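# Structural description and commentary
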Amino acid sequence: MLRTHNCGQLNKSNAGEKVILSGWVQSVRDHGLLKFIDLRDRYGVVQLVCSPAEMPPEVSSILKEVRSEWVIRVAGEVILRPPEMVNPKISTGQVEVKINQIDVLNRARNLPFELTDNIQIGENIRLAYRFLDLRRPKMQANLLARAKFTQAVREFLTGEDFVEIETPILTRSTPEGARDFIVPSRLNPGRFYALPQSPQLFKQILMVAGFDRYFQIARCFRDEDLRADRQPEFTQIDLEMSFVEEADVIDITEKLLKYAARKAFGYDLQIPFPRIEYQQAMEEYGTDKPDLRFDLKLKNFTGVFQETRIEVIRKTIEEGGIVQGFMVPDGQKVSTSDVEEYHQLVRQRGLGGLGWIRFRQNDIQSPFKKFLEEKIVENLRPPAESDNGLLFFLAGAADKILPVLGELRKLVGDKLYPSPEPQWCFTWVVNFPLLEFDQQQQRWQSRHHPFTSPAPASIESLENQPEKIRAKAYDLVLNGIEIGGGSIRIHSRKLQEKMFDLIGLDREKYEQQFGFLLECLDFGAPPHGGIALGLDRLVMLFLGENSIREVIAFPKTQKGVCLLTQAPGEVNEILLKENRIRLQLPST
Ligand code: AMO
């Protein structure tokens, strides 16, 4: 037998029992006549003790050799630790196991890094030796928490009558705005599957098929540039419901998050989450992913600057531009070099420069000081109680300056107001524009995906004023990071075709790509809608991590490489031939 108990299980009620344990050697300590080994497995750590001099020679020789991370099996008796030796930090801290037998199940080479939480090594080494990295307590805890969260999601949704259904991985392209990963089909030469960017079309079809409430913990694949919160394959909590309006999807999502966050992390989320209109989010936060952990709202100062002597600003306003900015109440905490850094950021984003005014009791400091009229300064001056205000502002076309102000607001906020306690500032962003104009391709494109329903009030604008159409779409944002998005879908074939026309797909193309969906809408498609939440991002945020790689067992690097398996790898000639693929690589 390899074990009677695991390493986290023994306590004083087991005193006197004969046990067999297996696990990894965490540490070995020599204390003169006694030797201590900490034995570890997923469940915990238990202290083993023995006196090598009293052991048979074969056991003594193993005890001399045994090292960290060897896998051993021991047999012995559970004994109570003397009171002064009790370790309250571990579950087995009241006991130890006096061993009389030890077998080596496997040895381990010298480790490339220590398996503790405070390691200072590059992430690439961690990823190359992920099997060791995942033995570290933090990574074990992260993956266990993720599993617990997923389990709670399943529990909640199943309890709400959702049916878990798997959808294909080898499929056709689903447009979610990224490039597809493609897989050649040997049986259909010259044809390719696309890996799903999301299960979007299948979940809609499941509604037409009458399943009413679907969910899936779905793997999605997107060939896009990678960042700390983006992986080429990631997991969504994907839902779809029939006979619902936006409020129904929003309501069930809030309840789901409340339930799962409490069950997995013990957090008590306050629902309902606040909602903010897209337009307001852009004007007040300069982004559709507002971070509400700090205030620093943007304000419009166009009126104040209307008659300014400062030529560039007056001209900008005359040409339809705006002046927008935000006041930092604790301006004294922003150093001159910080201001310079923010100014550089603004220039990198292609804007002339950052306007700023430091308010002092009866004075100001600003690069524009000489030109700023008294009246303007007084209109901008913060209330007396925040004497140290520092105002940042930009002048220009709204669509150019708002996103930069948004970025700046986040930079300043993150630096000035780091939250000492974890904070869960969720917000829904609603009433999005349905379409956005793609300057490069000179055509309208869906902001979410082309299956999103326009808001009824906007249907009449469909053809004449596409920019005015609003979508029945909602995004969920947590601490400034988009963690979910969804919509009510189009369930009429006519409207769906109109939408494809609007985004410039010709009939032949959409019939070929989405003919199955259009046909299905013709066979009694119910009104339906849904949402997908980024599971990796949610778990990352709940665990206070900075990257989703910390909550994914085998993530890829920035270049999309798995350092453990070295995927993507080369393929042998035969396989290429069978798939009718000839490589044309640039000569190096
Ligand atoms: P969307 O494209 O907004 O919606 O995706 C939903 C959520 O998935 C997460 N996400 C990612 N997480 C990690 N790495 C990525 N590369 C990545 N891309 C997206 C985000 C995002 O909010 N079919 C629609 C949903 C619907 O309409 O029901 C969809 O996929 O947290």
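One numbering rule holds for all chains: residues counted from 1, following each sequence as written. Residues qualify for local features only when their pLDDT is at least 70, as the model is predicted, and side-chain atom pairs are given and counted only at 80 or more; totals for whole chains, interfaces and linings, by contrast, use all residues. Values reported for side chains reflect all heavy atoms of the structure, with hydrogen atoms and water molecules removed beforehand.

Below, the discussion takes up the overall build of the chain. Helix numbers and strand numbers start at the N terminus; a helix is a DSSP run of H or I with at least 4 residues, a strand a run of E with at least 2. If you tally the helices and strands in the chain, you get 16 helices and 22 strands. Of all intrachain contacts in the chain linking residues separated by at least 6 positions in sequence, the fraction that spans at least 24 positions is 66%. What sets the accessible areas is the Shrake-Rupley method with a 1.4 Å probe; for residues, cover comes only from the shown protein chains. On the chain, roughly 30600 Å² of surface is accessible, and the fraction owed to carbon and sulfur atoms is 50%. When charges are counted, neither His nor the chain ends are considered; positive counts come from Lys and Arg and negative counts from Asp and Glu. Note on charges: their place is set at NZ of Lys, CZ of Arg, CG of Asp or CD of Glu. Of the side chains in the chain, 76 bear a positive and 81 a negative charge, and the two mean positions are spaced by 4 Å. Should any heavy atoms of two residues lie within 4.5 Å, those residues are counted as being in contact.

Turning our attention to the packing of helix α4 (residues 137–159) against helix α15 (residues 535–542). Put simply, α4 and α15 touch, their axes get as near as 10 Å, and they point 120° apart. The angle between the axes of α4 and α15 places the two elements in the oblique class. Of the two possible hands of crossing, α4 and α15 adopt the one that is right-handed. Residues Arg-146, Phe-149 and Thr-150 of α4 form the contact with α15, whose participating residues are Leu-535, Asp-536, Leu-538, Val-539 and Phe-542. Amino acids are sorted into nonpolar (Ala, Val, Leu, Ile, Met, Phe, Trp, Tyr, Cys and Pro), charged (Asp, Glu, Lys and Arg) and polar (every other residue, Gly among them). Partitioned by chemical class, the residues of the contact of α4 with α15 number 5 nonpolar, 1 polar and 2 charged. Fitted lines through C-alpha atoms serve as axes, helices being fitted only where they are in contact, and the angles separating the N-to-C directions of these axes extend from 0 to 180 degrees. For classification, angles of less than 35 degrees are called roughly parallel, those exceeding 145 degrees roughly antiparallel, those between 65 and 115 degrees roughly perpendicular, and all remaining angles oblique. Note: crossing handedness is left-handed where the near helix turns anticlockwise from the far helix by less than a right angle, and right-handed where it turns clockwise.

A few words now on a nonpolar patch on the surface. Taken together, the side chains of Ile-125, Tyr-129, Phe-131, Phe-554 and Leu-564 define a hydrophobic patch exposed on the protein surface, amounting to about 450 Å² of accessible area. You can see Tyr-129 is positioned in the loop between α2 (123–128) and α3 (130–133). Exposed residues in this analysis have more than 50% of their type's maximum accessible area, buried residues have under 20%, and partly exposed residues fall in between, with area computed by a 1.4 Å probe over protein chains only. Owing to a relative accessible area of 30%, Tyr-129 belongs among the partly exposed residues under this scheme. For patch building, the residue pool is restricted to those with more than 30% relative accessible area and no salt bridge; the joining distance is 9 Å between like charges and 5 Å between nonpolar side chains (Val, Leu, Ile, Met, Phe, Trp, Tyr). In the sections that follow, a salt bridge refers to a side-chain nitrogen of Lys or Arg positioned within 4 Å of a carboxyl oxygen of Asp or Glu.

Here the focus is the site of the ligand. Here, proximity means that at least one heavy atom of the residue falls within 4 Å of the molecule or strand. The local shell around the ligand holds 24 residues, among which Glu-176, Gln-200, Lys-203, Glu-482 and Arg-489 are the closest. Distance and chemistry together define a polar contact, namely a pair of N or O atoms within 3.5 Å, with one atom able to donate a hydrogen and the other to accept it when in protein, and with adjacent residues in sequence counting only for side-chain atoms on both sides. With respect to the ligand, the side chain of Lys-203 contributes an N or O atom lying 2.7 Å from an oxygen atom. For the ligand, an oxygen atom lies 3.0 Å from a polar atom in the side chain of Gln-236. Against a free-state accessible area of 630 Å², the protein chains account for coverage of 94% of the ligand. At the level of secondary structure, the elements contributing two or more residues to the shell around the ligand comprise α5 (200–208), β10 (233–242), β21 (481–488) and β22 (528–534). Considering every element that reaches the shell around the ligand, the biggest residue donor is β21, with 5 residues. Of the residues contributing to the shell around the ligand, the split by class is 5 nonpolar, 10 polar and 9 charged.

Look at α5 against helix α14 (residues 507–521): their axes get within 10 Å of each other, and the N-to-C directions meet at 20°. For the element pair α5 / α14, the angle class is roughly parallel. The hand of the α5/α14 crossing is left-handed. Contacts between α5 and α14 pair Leu-201, Gln-204, Ile-205 and Val-208 from the former with Phe-514, Phe-516, Leu-517 and Cys-520 from the latter. Here the residues of the contact of α5 with α14 sort into 7 nonpolar, 1 polar and no charged.

Attention shifts here to the environment of Pro-168. Along the chain, the position of Pro-168 falls in the loop between β6 (163–164) and β7 (182–184). Exposure remark for Pro-168: the relative accessible area of 34% places this residue in the partly exposed category. In the structure, Pro-168 is positioned 212 residues away from Leu-380 in sequence and 58 Å away in space, judged by C-alpha atoms. Filtering out sequence-adjacent residues up to four positions away, Pro-168 remains in contact with Pro-196 and Phe-202.

Next up on the list: the nonpolar core. In this text, buried Ala, Val, Leu, Ile, Met, Phe, Trp, Tyr and Cys residues form a nonpolar core when linked through side-chain atoms within 4.5 Å. In this structure, Phe-149, Leu-157, Ile-237, Leu-257, Phe-426 and Leu-538 are the most contacted members of the largest nonpolar core, which totals 43 residues. Top contributing element to this core by residue count: helix α6 (residues 246–265), with 9 residues. One finds Tyr-278, Tyr-285, Leu-434 and Ala-471 within the second-largest nonpolar core, a separate group that totals 29 residues.

Here the focus is the packing of aromatic side chains. Centres within 6.5 Å are what make two rings of Phe, Tyr or Trp a pair, Trp counting through its six-membered ring; a difference in plane orientation under 30 degrees is then read as stacked, over 60 as edge-to-face, and the rest as tilted. In the structure shown here, the tally under the stated rule is 23 aromatic pairs. Relative to Phe-131, the ring of Tyr-129 lies with its centre 6.0 Å away and its plane at 75°, an arrangement referred to as edge-to-face. Among the residues examined, Phe-131 registers a relative accessible area of 48% and is labelled partly exposed. With centroids separated by 5.6 Å and ring planes inclined at 80°, the aromatic side chains of Phe-451 and Phe-514 adopt a geometry described as edge-to-face. With a gap of 63 residues between them, Phe-451 in the loop between β19 (443–446) and β20 (473–478) and Phe-514 in helix α14 connect regions that are remote in the sequence. Residue class for Phe-451 comes out buried when judged on its relative accessible area of 0%. Put simply, the rings of Phe-149, Phe-265, Tyr-267, Phe-273, Trp-424, Phe-426 and Phe-542 pair up and form one aromatic cluster.

Strands are labelled as partners when DSSP assigns at least two bridges between them. Across the sheet, 8 strands lie side by side as β6-β9-β10-β22-β21-β20-β17-β11; this open sheet has mixed pairing. In this open sheet, the two edge strands, each paired with only one partner strand, are β6 and β11 (275–277). Strand direction decides the pairing type here: β6 and strand β9 (residues 213–221), joined by 2 bridges, are parallel. Looking at β9, one finds that Glu-164 is bridged to Phe-215. Sheet contacts for α5: β9, β10 and β22; angle to β10, the most-contacted strand, approximately 25°. Set on the sheet, α6 makes contact with β9, β10, β11, β17 (426–430), β20, β21 and β22; between it and β22 the angle comes to about 35°.

To continue, consider the side chain of Asp-291. Counting through the fold element by element, Asp-291 comes out in the loop between α7 (278–285) and β12 (299–300). Classification of Asp-291 by relative accessible area gives buried; the value is 1%. A polar side-chain atom of Asp-291 sits 2.8 Å from a polar atom in the side chain of Lys-410. Sequence-distant contacts of Asp-291, defined by excluding residues within four places in its chain, comprise Arg-409, Lys-410, Asp-414, Asn-479 and Gly-480.

A word on the sheet that holds β12. Strand order in the open sheet made by the 5 strands is β12-β13-β16-β14-β15, with antiparallel pairing throughout. Edge strands, defined here as strands with exactly one partner in the open sheet, are β12 and β15 (363–365). By the bridge criterion, 2 bridges tie β12 to strand β13 (residues 322–328) in an arrangement that is antiparallel. Each residue of the ladder has a partner; that of Lys-299, found in β13, is Gly-325. Docked against the sheet, helix α10 (residues 336–348) engages β14 (355–360) and β16 (390–396), running at close to 15° with respect to β16.

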